[in-house]
Amino acid sequence: MTRVIDAVDVIVSSPGRNFVTLKITTSDGLVGWGDATLNGRELSVASYLRDHLAPALVGRDADRIEDTWNYFYRGVYWRRGPVAMASIGAIDMALWDIKGKAAGVPVYQLLGGAVRDRILTYTHATGWDVPELLDSVAERRVQGYRAVRVQSGVPGLDKVYGVTKGAAVYEPAGRGVGPAEEVWDTSAYLRHAPVVLEAVREAVGPELKLLHDVHHRLNPIEAARLGKALEPVDLFWLEDVTPAENQMLLRAVRQHTTIPLAIGEVFNTVWDAQQLITERLIDYIRVAVVHAGGISHLRKIFALAEVFQVKAAPHGPSDVSPINMSASLHLGLSTTNFAIQEFMGYPAQVGEVFHSSYRYDDGYLHPGDEPGLGIEFDEAAAARFPYSPAYLPIARDLDGTMKDW
Ligand code: EZ4
Ligand code: CO
C-alpha cells in the first residue's frame, strides 16, 4: 500500500523563543514532525514551505524519502542556501519520523542501529569575568557534564558573543524588530582569551573537556596565533576561528597549530565543507540537521567525513527545536564517526509544547526508543505562544566597520 502525504502544515510558535515546525499527515493517519527553524528568518522558511513546497508535497509517496529530497534539491533550479535547505531539512526529518512510526521502531534502527550506548554531550558555561565563569563551569559539572564550552567577556567591550552579563543562560537572539549592535575589538580579544582559558584549565584540572567558540571573528593568521597560544590549555576544540566561506584559507591555520578545529554550523550542503573535509582542514564538522538538509544529507556529509577521519559534532543551540535535537541524537547513536552533541538547553516553556523522549544522564544523551523521532508537538499549547520578532545581533569594529557576528 502506498502511504500518501495528505496534509502539510507549518506552525510558527514562540514558547520562550521562536520555532518553525512542520507537520506532515499521511493517508494512513500517521503524523511526522520536522524542525524548520532559522534563527531571525523564521517567516522566510515558513513561507518557502507553505507557499512553494507544501503544494508539491501533497499527494507524494511518504516512503520515498530520498526521492523527495532530490525532488526539492535537484528538481529546483535555485538550489542551496539556508532557507531552501532548512525547508528540505524539515521535510526530511518529518518523513523519517513517519517511516519510523510506520515500522514501529526508533529512527536510529532504520539508520543501521546503535553503534554506541550513549552520546557524549557538551553544554555552555558563561561568565563576564573568570570568577563568574568558574561558577558557571562548576554548576555544569554538578549537573554531570564532562565537556563544557567556555565563553567570557573581554575588557573594554560591552557585549560579547556567548556571554550575558548577570544572566545564567545566554540567548543570542534579541526580541524586537531588527538587530541589536555590538562593538568588537580583535586585539583585545586575542590578548584576553588565552588568559581566561588558561585560568579555567588551571582551576578545573586536566580531565574536563573544554571547548571555545570564536564565532567567525578572526582572519587566518590571527586564528593561527590564537590556536598556538591555546595549545597548552588542551582544548577539545576551537570553533569557527574564521568565516569559512574561503575553505582554502584554513590551510594557513593548519600550518601553524595542532589545535583541533570545529567548523560548519552555518553550512547548508556537503559542498560547503568539501575542501575542509577532503584536505582535512578541520577535525569536527558541525552541520545541524535542519540547516543542512535533514538526516538524509547529514548522513552523506558524515560518510565523507568518516573517510577522512573527520568526526561529526552537530550544532545544538536553543534555536534548533527538540525535533532537530532528537534527529541529531538518532544520527549520533548510529554514526560511527560521531563525536559529541552540543546541548544548550531550552527556555522552560519549550517543554509545554514539545514532548520529547530523549533523555540526559550524567553527561550523556540518548534519543529513547519511541517509534520515529520520539517527539510529540502539542499544537494547542503552541497556539498560546504566538510568533514574536527576534533577531541575532550584528557586530562592528571600533571604527564602525561591519564585522562578521
Ligand atoms: O550563535 O545558534 O555554537 N553555537 C553557536 C550558536 C549560534 C546561534 C545562532 O543562531 O555558535 O550560539
Ligand atoms: Co558556534
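A brief look at the structure comes next.

Criteria and thresholds
Residues numbered from 1 in each chain as written. Chains lettered and ligands numbered in written order. Predicted model: local features only at pLDDT ≥ 70, side-chain atom pairs only at ≥ 80, totals over all residues. Heavy atoms only, no water. Helix = DSSP H or I, 4+ residues; strand = E, 2+ residues; numbered from the N terminus. Buried < 20%, exposed > 50% of the residue type's maximum accessible area, 1.4 Å probe, protein only. Contact = heavy atoms within 4.5 Å. Areas by Shrake-Rupley, 256 points an atom, 1.4 Å probe, with all protein chains shown as cover. Lys, Arg positive; Asp, Glu negative; His and termini not counted. Charge placed at Lys NZ, Arg CZ, Asp CG, Glu CD. Donors = N, O, S within 2.8 Å, 3.2 Å for Na, K, Ca; no water. Tetrahedral: all angles 85-135°; square planar, octahedral: opposite > 155°, others 65-115°. 1 Å grid on protein atoms, 1.4 Å probe; cavity = no way out; pocket = protein on both sides within 12 Å on 5 of 7 lines; lining within 4 Å. Points joined across faces, edges and corners; volume = space filled by probe spheres on them. Nonpolar A, V, L, I, M, F, W, Y, C, P; charged D, E, K, R; others polar. Near = heavy atom within 4 Å. Polar contact = N/O pair within 3.5 Å; in protein donor to acceptor, adjacent residues only side chain to side chain. Sits in = over half its atoms within 2 Å of the grid points. Pairing = 2+ DSSP bridges. Axes fitted to C-alpha atoms, helices over the stretch in contact; angles between N-to-C directions. Parallel < 35°, antiparallel > 145°, perpendicular 65-115°, else oblique. Left-handed = near helix turned anticlockwise from the far one by under 90°.

Moving on, we get to the overall build of the protein chain. Looking only at helices and strands, one finds 13 helices and 20 strands in the protein chain. A principal-axis box enclosing the C-alpha atoms of the protein chain has dimensions of 65 × 45 × 45 Å. Going through the 405 residues of the protein chain one by one, you find that 58% of them count as buried. The contacts of the protein chain with a sequence gap of at least 6 include a subset with a gap of at least 24, amounting to 73%. Accessible area of the protein chain: about 15,900 Å², with a carbon and sulfur share of 52%. Measuring between centres, the 38 positive side-chain charges of the protein chain sit 3 Å from its 50 negative side-chain charges.

Turning our eyes to something else, we now look at the coordination of the cobalt ion (ligand 2). Taken together, the protein ligands of the cobalt ion (ligand 2) are Asp213 (OD), Glu239 (OE) and Glu265 (OE), with distances of 1.9 to 2.2 Å. Its six donor atoms give the cobalt ion (ligand 2) angles of 24 to 178° at the centre, a pattern that matches the irregular case. Mapped onto the sequence, the residues coordinating the cobalt ion (ligand 2) show the spacing D-x25-E-x25-E. Linking aspartate 213 in strand S8 (residues 209-213) with glutamate 239 in strand S9 (residues 237-239), this pair joins segments that are 26 residues apart in sequence.

Before going further, it helps to spend a moment on the layout of surface pockets. What the largest pocket holds in volume is close to 1,100 Å³. In terms of lining, the largest pocket is formed by 40 residues, of which the most central are His215, His216, Val266, Leu392 and Trp405. At the level of elements, strand S19 (394-397) and strand S20 (402-403) are the ones that each hand at least two residues to the lining of the largest pocket. When grouped by side-chain class, the residues that make up the lining of the largest pocket number 19 nonpolar, nine polar and twelve charged.

Time to look at the site of ligand 1. Taken together, 14 residues form the shell around ligand 1, and within it Asn39, Tyr161, His215, Glu265 and Asp319 come nearest. A distance of 2.7 Å is found between an oxygen atom of ligand 1 and a side-chain nitrogen or oxygen belonging to glutamate 265. Within the side chain of glutamate 342, one N or O atom sits 3.4 Å away from an oxygen atom of ligand 1. Look at ligand 1: alone it shows 330 Å² of surface, and the protein chains cover 95% of it. The cavity that encloses ligand 1 is the largest pocket. Its residues placed into classes, the shell around ligand 1 shows four nonpolar, three polar and seven charged.

Burial analysis of S8 places four of its five residues in the buried class, which makes it a mostly covered element. Sheet analysis places strand S5 (residues 147-152) next to S8, joined by three bridges and oriented parallel. Considered in S8, the bridge of alanine 147 is made with lysine 209. Examined bridge by bridge, S8 and S9 share three bridges and lie parallel to one another. Along S9, the bridge assignment pairs aspartate 213 with glutamate 239.

We now examine the packing of helix H1 (residues 42-57) against helix H3 (residues 82-103). In the contact formed by H1 and H3, the axes pass within 9 Å of each other and the chain directions differ by 55°. The angle between the axes of H1 and H3 places the two elements in the oblique class. Of the two elements, H1 crosses H3, and the hand of that crossing is right-handed. Residues Ser44, Val45, Tyr48, Leu49, Leu53 and Leu57 of H1 pack against Val83, Ala84, Ala86, Ser87 and Ile91 of H3.

In short, shape yes, function no, at least from these values alone.
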